[in-house]
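# Analysis of the macromolecular model
Listed below are the residues making up each chain.
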Amino acid sequence: MAQSEVVLSFQEQWDRVLGKLRTEVGEAAYRSWLKPLSLLSGDESFIRMAVPTRFMRDWVASNYQDRIQALWLEEIGAPIGVEIVVLSPSRPVPKPAIVDVKDEPEVLRAQEREAPVLPVASSVPVEAVQESEVQQITGSLDPRFTFENFVVGKPNELAYAAAQRVADAEAVPFNPLFLYGGVGLGKTHLMHAIAHQIRKAHPEKKVIYLSAEKFMYQFVRALRTKDTMSFKEQFRSVDVLMIDDVQFIGGREATQEEFFHTFNALVDQNRQVIISADKSPSDLEGVEERMKSRLGWGLVADIHPTTYELRLGILESKAEQLDVKIPQKVVEFLAHKITSNIRELEGALNRIVAHATLVGRSVTLETTQEVLHDLLRANDRRVTIEEIQKKVAEHFNVRVSDMHSARRARAVARPRQVAMYLSKQLTSRSLPEIGRKFGGRDHTTVMHAVKKVEELKSTDLEFAEDIELLSRMLES
Ligand code: ADP
Ligand code: MG
């Protein structure tokens, strides 16, 4: 295949990923943070993207990198490393090119984060190549993710206590420690905290932390370069191995097999293994039974969704770290409204603080509501059927009452069908519930409407765009 063709398809895939992100994060966030991303280089296992400023890089990396990675994974059906680098606009942005990143040491990548990068693999500094192998496989640790910075509450007290126990124990207390819970609830934070603590108390210990995706990436790379021996050696000589987000291993047999062997070898030698996932061992999809059962042998600690008290505590602690005064009313408002997870809560706080700093005014309830408009909407559990009916009626220039009426003229029947379709897409209401809201119609009528609209969407581009627009308007 010619290079340009490959590049094109990457670009197309990236456009699709962007499109999905756009619907997920809303128009405002998309325009500020995601649209400026440009595709720099990539091969089937590593993608590099550029943003114009360091601030943006940090922001995108902490708020969107996980999603970007997950969507890429969906897109190409294989794990992929994603890196976001800073490339100032004064430099010419190189055309996307396919780079062979296979032979590029990981260490170099870590260093490159600071500087603009051009997709050239030839200028590898000698020292970088000679860095210890540990640094090549271990992921980087976030210095803020410490035990001191972790706010403990009912939902996470077990996981916290278990993590501390593992970090402080002289002998392995339970193996493995399996942490699980929903996204953004502190799994990675706890793992990094364990690593920091052990490294501080025992600098001689070999501690490796990496995501399951990175583990797979390393493994696949070792297979390619036919260097699986040293891959195995690296992992099997560690004192503490932490693998984050192990759910990504599901369905990948060769990697799973390798992971299982590594895991067993370490546990047999009484080395500490710590695993995290978004589900309990028994609920992991695409994972072999023997592995599921083995993963549950040690201590399984789950992190529950946040409570109001925990959210308050976290906001207070973060505000203190940021050294800003946030009115109590605002803190309570946020703790009340942003219930999804801690990452979003933190993101919300950062956003209002950034805004206040930019415009040089203090944080108030009004600005908070304004700045967090989209986020609050998402946490509000989406739109209501009434809102949908109103917007759709406006859009097609019919009366809201026509949504409930028995009139079957095409001019009102089609808008009604569209509103039913959107109600199905944008709310969590069941078909009978939706039917009731449309003048007590039967659920089969709603089903028919959904089918009809889908059909029209696939044949009539203009109509499809209309629907797209409406649903975006309703969601923002
Ligand atoms: P997960 O790995 O479970 O998806 P993370 O560990 O990445 O979640 O946490 C998301 C963000 O929330 C991080 O910035 C982390 O520091 C913060 N966070 C999570 N739990 C806590 C907590 N209990 N106290 C303080 N910050 C927390
Ligand atoms: Mg995590």
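Residues numbered from 1 in each chain as written. Chains lettered and ligands numbered in written order. Predicted model: local features only at pLDDT ≥ 70, side-chain atom pairs only at ≥ 80, totals over all residues. Heavy atoms only, no water.

Okay, the overall build of the protein chain next. Tallying secondary structure elements over the protein chain gives 23 helices and eight strands in all. Taken across its 476 residues, the protein chain has 47% of its residues classed as buried. A sequence separation of at least 24 residues applies to 74% of the contacts in the protein chain between residues at least 6 apart. Carbon and sulfur atoms make up 52% of the accessible area of the protein chain, which totals about 23600 Å². (Helix = DSSP H or I, 4+ residues; strand = E, 2+ residues; numbered from the N terminus. Buried < 20%, exposed > 50% of the residue type's maximum accessible area, 1.4 Å probe, protein only. Contact = heavy atoms within 4.5 Å. Areas by Shrake-Rupley, 256 points an atom, 1.4 Å probe, with all protein chains shown as cover.)

On to the environment of T255, then. Structurally, T255 is set in helix 12 (residues 253-268). The sequence separation of T255 and Q218 amounts to 37 residues, and the corresponding C-alpha distance is 9.9 Å. Ignoring anything within four residues of it in the chain, the contact list for T255 reads F215, M216 and F219.

The next thing to look at is the pairing of strand 6 (residues 240-244). Taken across its five residues, strand 6 has five buried, putting it largely inside the fold. Across the two faces of strand 6 the burial is the same, with V240, M242 and D244 and L241 and I243 all buried. In this sheet, strand 6 lies alongside strand 5 (residues 207-211) in parallel orientation, the contact comprising five bridges. When the sheet's bridge partners are listed, S211 is paired in strand 6 with D244. Direction of pairing for strand 6 relative to strand 7 (residues 272-277): parallel, over a ladder of four bridges. By the bridge assignment, I243 is partnered in strand 7 with I275. On the question of chirality, the crossover connecting strand 6 to the parallel strand 7 by way of helix 12 is right-handed. (Pairing = 2+ DSSP bridges. Right-handed = clockwise from strand over helix to strand, strands pointing away.)

So, about the sheet that holds strand 3 (residues 81-86). Reading across the sheet, the three strands line up as 1-2-3 and stay open at both edges, with mixed pairing between neighbours. Only two strands of the sheet have a single partner each, and these edge strands are strand 1 (38-42) and strand 3. Going across the sheet, the axis of each strand differs from the next one's by a mean of 30°, ignoring polarity. Sheet strands touched by helix 4 (residues 65-76): strand 1, strand 2 (46-51) and strand 3. Its angle to strand 3, the strand with the most contacts, is close to 135°. (Axes fitted to C-alpha atoms, helices over the stretch in contact; angles between N-to-C directions.)

Okay, helix 19 (residues 385-396) next. The end-to-end C-alpha distance of helix 19, which contains 12 residues, comes to 16 Å, matching closely the 16 Å that a straight helix rising 1.5 Å per residue would cover. I385, I388, Q389, V392 and A393 are the residues of helix 19 that are buried. Viewed end-on, helix 19 has its buried residues packed into an arc of 125°, placing them on one side of the element. Packing partners of the buried residues in helix 19 comprise helix 20 (410-426), helix 21 (431-437) and helix 23 (461-475). (Expected span 1.5 Å × (residues − 1). Arc of directions from axis to C-beta.)

Right, let's get into the packing of helix 19 against helix 23. Running from N to C, helix 19 and helix 23 cross one another at 135°; their axes reach a closest spacing of 11 Å. Viewed along their axes, helix 19 and helix 23 adopt a mutual orientation that is oblique. Considering how the two elements wind past one another, helix 19 and helix 23 form a crossing that is right-handed. Residues E387, I388, K391, V392, H395 and F396 of helix 19 pack against D466, L470, M473 and L474 of helix 23. Per-class residue counts for the contact of helix 19 with helix 23 are six nonpolar, one polar and three charged. (Parallel < 35°, antiparallel > 145°, perpendicular 65-115°, else oblique. Left-handed = near helix turned anticlockwise from the far one by under 90°. Nonpolar A, V, L, I, M, F, W, Y, C, P; charged D, E, K, R; others polar.)

Right, let's talk about the confidence of the model for the protein chain for a bit. Scored by pLDDT, the protein chain has a mean of 82; 85% of the residues are at 70 or more. Low confidence marks residues 1-7, where pLDDT is under 50. Its contacts with residues over four positions away, or in another chain, come to five contacts. With pLDDT under 50 throughout, residues 90-135 is counted as low confidence; its partners more than four residues away or in other chains account for 77 contacts. (pLDDT = per-residue confidence, 0-100.)

Moving on, we come to the environment of V398. Within the secondary structure layout, V398 lies in the loop between helix 19 and helix 20. Look at V398 and you get buried, because its relative accessible area is 18%. Placed 17 residues apart in sequence, V398 and P415 show a C-alpha to C-alpha distance of 7.9 Å. The residues touching V398, leaving out its near neighbours within four places in the chain, are A393, M403, A411, V412 and P415.

A word on the nonpolar core. Of all hydrophobic cores here, the largest spans 27 residues; its most connected members are L241, I243, V246, F259 and I275. Of all the elements in the fold, those that place two or more residues in this core are strand 5, helix 10 (212-224), helix 11 (228-236), strand 6, helix 12, strand 7 and helix 13 (289-295). When neighbours within four sequence positions are excluded, L241 is seen to be in contact with I208, L210, F235, T262, L266, Q272, V273 and I274. (Core = buried A, V, L, I, M, F, W, Y, C linked by side-chain atoms within 4.5 Å.)

Another point: the pattern of salt bridges. Summed over the entire model, instances satisfying the criterion amount to 19 salt bridges. As a salt-bridge pair, R290 and E288 come within 2.7 Å of each other at their nearest N and O atoms. Accessibility expressed as a relative area gives 30% for E288, which makes it partly exposed. One salt bridge connects K452 with E455, and the closest N-O pair in it is separated by 3.9 Å. Here the residue K452 and the residue E455 both occupy positions in helix 22 (residues 443-459), the gap between them amounting to three residues, near one helical turn. On the basis of relative accessibility, which here comes to 47%, the residue E455 falls in the partly exposed class. Ionic contacts of the salt-bridge type, sharing partners, join the residues E257, E288 and R290 into one network. (Salt bridge = Lys/Arg side-chain N within 4 Å of Asp/Glu carboxyl O.)

As a further point, take the packing of aromatic side chains. Tallied over the entire structure, the rule returns 10 aromatic pairs. Ring centres of F215 and F259 lie 5.7 Å apart, and the angle between their planes is 85°; on these two criteria the pair is classed as edge-to-face. Of this pair, F215 sits in helix 10 while F259 is found in helix 12, placing the two residues 44 residues apart along the sequence. Taken as a pair, F215 and F259 share a single burial class, namely buried. The structure contains a cluster of three or more aromatic residues connected by ring pairs, namely F215, F219, F231, F235, F259 and F263. (Phe/Tyr/Trp six-rings, centres within 6.5 Å; stacked < 30°, edge-to-face > 60°.)

In this structure, P176 follows N175 across a cis peptide bond, with omega equal to -5°. Looking at where P176 falls in the secondary structure, it is placed in the loop between helix 8 (157-168) and strand 4 (177-181). Its identity is not glycine, yet K226 carries a phi of approximately 55°, on the positive side.

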